[in-house]
Every structure is written in C-alpha cells, then in structure tokens.
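# Close look at the chain arrangement
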Amino acid sequence: MNQKTLLGYLGLFGAVSVGIGEFLLHYSDQVLTTEGTFMFFGHVPISHLYYGHFFAMLGLPFYYAGYLHVYKMLRSGQKTLASIVLGLGFVAFSVGGVWIGSRGFMGSIVHLHSDIPVTTFDIIVGHYSALMENLVQFLRVFILLLSIAFATAILKGGTEYRKWMAFFNPITVLLFFVAIGTIIPWIGKFTIPILMNITHIVIFSLSLYQLKTNLKS
C-alpha cells in the first residue's frame, strides 16, 4: 500500500468515525421536530452523548490524513491550488473539531435544563451560540473556498483526478445531501445530523477509487 492510498483510507476512517460520533451526539426521532434551541439534545440519551463525543474525538485527527491524500492527488498538476486546499482543509477541521468537541457537554446541560433557572439557561444558550455556533459559519466559508480551489485545480488539469471529479467537491456534495434530506424528511433525519461526514465519505471513497484506477493503468 503506497502512502497516498494509506492516507486516503485513514481519511475515510476519520470520516466514518466522526460520522458515527456525530450521529450519536445529535440523532433522535425528534431531531427535526423538537422546538427550542438545542432542545433536541433532550431526546438524546446521555450514554450516546458520551460515546458520540469519544468516537468523534477519535476520528477527527484522521481528517488531516484525508486532506494530505487529496493534496497529493492534486499537486502533480496544481501545486499552489493543492496547497490552498490542504491549508483550508486543516483550518476547517480544526474549527470543526472545536465545535464538535463542545456538543456532548452542551447536550448534558440541556438534560439539566429543568434544574436550571430559565433565565440562567437562556444565558448559557446565548453564550454557547455566540462562542460555538458562529464557528459553523466560518466552517462553511472555509469549505466553500476549499471547494472552489479543489474544483479549479481539477479542471485546470494535470492532477490525478478525472475532470468529472470537480463536480464532487465538498460544497456540491453537501448541498446534494441537504436537498435530499429536505425533500425526503425520513431520510433527512438520519443524514442531516452528519452531513459533513457523509460528504467526505463520498469524496474520500471516490478519490481512492480514482487512485486505484490510476495504479492499474
């Protein structure tokens, strides 16, 4: 197994592990219907919050390996754009790691909301939203910029990707699954809580497929 292949599988493992963790952290039958900010956590068992947190923390570092794999697949033709993708990927998942690392703790606070004065609970939610939920907006910007650099590098040519891979950039794949989840809610309740991880499972899998094809030719 060469280095690029190993890094790709490590990235895929990371996406699966974080996906399992985020699913445990966020999923319940009421995830899309519960009213009140973060109140959906009240339907997530405490044990799921703990297991989900540690699955996510276990897998998170392997996302960096996945982006090193993507970098190596791009750099043969577009080294500057490949470096941009790598840098944005590292920043995006550093920000995302801070965010997901806070979810289990916020969920445990929601489980105690009936023991906390309403005003105090609202203040906690407000502070958490300001400190953590705003990170999601930065994450989306980084993923958008990363996707533009990724698609541009492939379309310019010379990389180890076929040009159709430009369509399977993170933002396009993400929006596809958002649309599916919105149109078909019974699917959305399973996919929407883990959209970023599903997106990268698709990307890393397709990337490994293309690498395997290249090695055979």
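Above: the structure in question.
Here's what I pulled together on the structure shown here. From a predicted model like this one, the values you see are computed outputs, not experimental measurements. Position labels on residues start from 1 in each chain and follow its written sequence. Owing to the predicted nature of the model, reporting of local features is limited to residues with pLDDT of at least 70; listing and counting of side-chain atom pairs is limited to 80 or more, with chain, interface and lining totals taken over all residues. Values reported for side chains reflect all heavy atoms of the structure, with hydrogen atoms and water molecules removed beforehand.

## Side note on the overall build of the protein
- By the criteria applied, helices consist of DSSP H or I runs no shorter than four residues and strands consist of E runs no shorter than two, each listed in order from the N terminus. Looking only at helices and strands, the protein has eight helices and zero strands in total.
- Listing the helices and strands of the protein from first to last along the sequence gives α-α-α-α-α-α-α-α.
- What the globule rule says is 2.2 Å times the number of residues to the power 0.38, and the radius of gyration is computed from C-alpha atoms. Relative to a compact globule of 217 residues, whose C-alpha radius of gyration would be 17 Å, the protein shows 19 Å and is just as compact.
- Once the C-alpha set of the protein is aligned to its principal axes, its extents read approximately 65 × 30 × 30 Å.
- The buried label applies to any residue whose accessible area, calculated with a 1.4 Å probe on protein chains only, is under 20% of its type's maximum; exposed applies above 50%, and partly exposed to all values in between. Residues classed as buried in the protein amount to 48% of the 217 residues present.
- Considering only residue pairs separated by 6 or more positions, the protein has 77% of its internal contacts joining residues 24 or more positions apart.
- About 10700 Å² of surface is accessible on the protein, with carbon and sulfur atoms providing 71% of the total.
- This count recognises Lys and Arg as positive and Asp and Glu as negative, with His and chain-terminal groups excluded. In this description, the location of a charge corresponds to atom NZ of lysine, CZ of arginine, CG of aspartate or CD of glutamate. The distance from the centre of the 12 positive side-chain charges to the centre of the 7 negative ones in the protein is 28 Å. We call two residues in contact when some of their heavy atoms are within 4.5 Å. Here, Shrake-Rupley sampling with a 1.4 Å probe gives the accessible areas, and only protein chains in the shown set may cover a residue.

## Some details on the pattern of salt bridges
- The term salt bridge refers to a pairing of a side-chain nitrogen on Lys or Arg with a carboxyl oxygen on Asp or Glu at a separation within 4 Å. Within this structure, the stated rule accounts for three salt bridges.
- Note that Lys189 is salt-bridged to Asp29, the shortest N-O span being 3.7 Å. With Lys189 in helix H7 (residues 185-191) and Asp29 in the loop between helix H1 (3-26) and helix H2 (46-74), this pair connects stretches of sequence that are 160 residues apart.
- Under the relative-accessibility criterion, Lys189 is labelled partly exposed at 23%.

## Here we look at the packing of H2 against helix H5 (residues 118-156)
- Geometry is summarised by axes, namely lines fitted to C-alpha atoms with helices restricted to the contacting stretch, and by angles between N-to-C directions that run from 0 to 180 degrees. Following both chains from N to C, one finds H2 and H5 inclined at 30 degrees, their axes separated by 10 Å at the closest point. The orientation of H2 with respect to H5, classified from their angle, is roughly parallel. Crossing of H2 over H5 shows left-handed handedness. Where H2 abuts H5, its residues Tyr67, Val70 and Leu74 lie against Leu146, Phe150, Ala153 and Ile154.
- Residue classes in the contact of H2 with H5 are distributed as seven nonpolar, no polar and no charged. Roughly parallel covers angles under 35 degrees, roughly antiparallel covers those over 145, roughly perpendicular covers 65 to 115, and oblique covers all other angles. Note on convention: near helix rotated counterclockwise from far helix by under a right angle means a left-handed crossing. Clockwise means right-handed. For this classification, Asp, Glu, Lys and Arg are treated as charged, while Ala, Val, Leu, Ile, Met, Phe, Trp, Tyr, Cys and Pro are nonpolar and the rest, including Gly, are polar.

## Section: unusual backbone geometry
- Phi is positive for Phe38, which is not a glycine, with a value near 65 degrees.
- In this fold, Phe38 is placed in the loop between H1 and H2.

## Considerations on a nonpolar patch on the surface
- Residues form patches when they are more than 30% accessible in relative terms and have no salt bridge. Like charges link within 9 Å. Nonpolar side chains (Val, Leu, Ile, Met, Phe, Trp, Tyr) link within 5 Å. Among the surface-exposed residues, Phe13, Val16, Ile20, Tyr51, Phe55 and Leu58 lie close enough to one another that they form a single nonpolar patch of about 550 Å² accessible area.
- If you trace the backbone, Phe55 turns up in helix H2.
- Judged by its relative accessible area of 35%, Phe55 falls in the partly exposed class.

The values are spatial; any link to function lies outside them.
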